[in-house]
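So the chains spell out like this:
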Amino acid sequence: MGTVIMQNVVSVDGFIADEHDDVGPLHEWYFSGDTPITGTPPDEQFDHSGAGNGFRVSSASAPYVRAMWESIGVIVMGRTLFDLMNGWEGKPPAGEHVVVVSHRPKPAGWHPEASYHFADGPKAAIAKAQELAGDRTIAVNAGEAGSRIFAAGLVDEVAMDVVPVVFGSGKRFFAGIEGQQLLEDPHLVIQGDRVLHLKFKVRRSPAGGA
């Protein structure tokens with residue numbers, strides 16, 4: 001089965017957006033570098049910055065971002081992000097499939113050609129994602145839905161693209177997590193321009209749980 005990675009761009013104080021779901025400067029590094037992300041769609045349709053120049057990151061970030069995106073088979077997201085982005089109009093920015101964690105079904109008539117699936121809980125979402133992904137990566141967006149999946153012990157790794165900004169309040173990377181969960185030392189640390197890429201494996205208990 002593919003690795004389940006909870007990932008997101010995040011402020012240094014742990015927020016992925018403000019209270020109004022505005023990401024502010026968190027994604028600026030995606031568009032301010034000199035190296036295009038080839039091998040993945042750099043088209044304007046995926047450029048959510050409004051700048052219209054596609055993804056261009058620093059030369060330090062490019063190999064990591066490119067490899068990460070190309071490894072993804074399935075994105076798992078919450079209903080809030082799906083509604084905000086309208087599911088990227090049925091064209092995920094990476095991978096071929098999307099699983100949405102939601103008690104509400106797919107909107108009637110919404111992009112019937114798109115491989116988007118709706119699951120009513122963390123276990124059902126990851127089970128469907130594993131079915132679709134094969135041995136490719138399952139990328140779980142951080143936030144409320146991702147944190148429920150993390151709390152259920154279904155996440156293998158945590159990937160954070162840390163941007164040097166302090167939000168003070170907003171939507172947390174880890175939302176509503178109760179109790180402590182140890183991670184291993186970071187097995188990947190890459191310093192980009194205006195971003196620090198980190199990856200941690202989730203430490204498992206001797207019994208095999210999170």
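Above this text you will find the structure in question.
Computed from a predicted model, the values in this text were never measured in an experiment.

Asks: Describe in detail the overall build of the protein, supporting the description with residues and values.
Replies: Summing up its helical and strand segments, the protein has 4 helices and 12 strands in all. For a compact globule of 210 residues, the expected C-alpha radius of gyration is about 17 Å, and the protein comes in at 16 Å, within 12% of that figure. With respect to the principal axes defined by its C-alpha atoms, the protein has extents near 45 × 45 × 35 Å. Across the 210 residues that make up the protein, the buried fraction comes to 43%. Sequence-distant contacts, at least 24 apart, represent 68% of the contacts inside the protein between residues at least 6 apart.

Asks: Before we move on, could you go through unusual backbone geometry and cite the residues and values that matter?
Replies: Its identity is not glycine, yet Asn86 carries a phi of approximately 50 degrees, on the positive side. For Asn86, the location among the structural elements is in the loop between α2 (79–85) and β6 (97–101). Residue Asn86 is classed as partly exposed on the basis of its relative accessible area, which comes to 29%. Phi is positive for Glu89, close to 55 degrees, though the residue is something other than glycine.

Asks: Let's hear about the side chain of Asn141: which residues, and what values?
Replies: Examined against the element boundaries, Asn141 turns out to sit in strand β8 (residues 137–141). Residue contacts for Asn141: discarding those within four places in its chain leaves Gln7, Asn8, Ile75, Val76, Met77, Leu81 and Gly146.

Asks: With reference to specific residues and values, describe the pairing of strand β5 (residues 72–78).
Replies: Side-chain direction in a regular strand flips from residue to residue, so the side chains alternate between the two faces of the sheet. For β5, the tally of buried residues reaches 7 of 7 residues, placing the bulk of the element in the interior. Strand direction decides the pairing type here: β5 and β8, joined by 4 bridges, are parallel. Bridge assignment links Val74 to a residue of β8, and that residue is Ile138. Looking at chain direction, β5 and β6 are connected through 5 bridges and run parallel.

Thresholds, definitions, all that
- Residues numbered from 1 in each chain as written.
- Predicted model: local features only at pLDDT ≥ 70, side-chain atom pairs only at ≥ 80, totals over all residues.
- Heavy atoms only, no water.
- Helix = DSSP H or I, 4+ residues; strand = E, 2+ residues; numbered from the N terminus.
- Rg over C-alpha atoms; globule rule 2.2 N^0.38 Å.
- Buried < 20%, exposed > 50% of the residue type's maximum accessible area, 1.4 Å probe, protein only.
- Contact = heavy atoms within 4.5 Å.
- Pairing = 2+ DSSP bridges.

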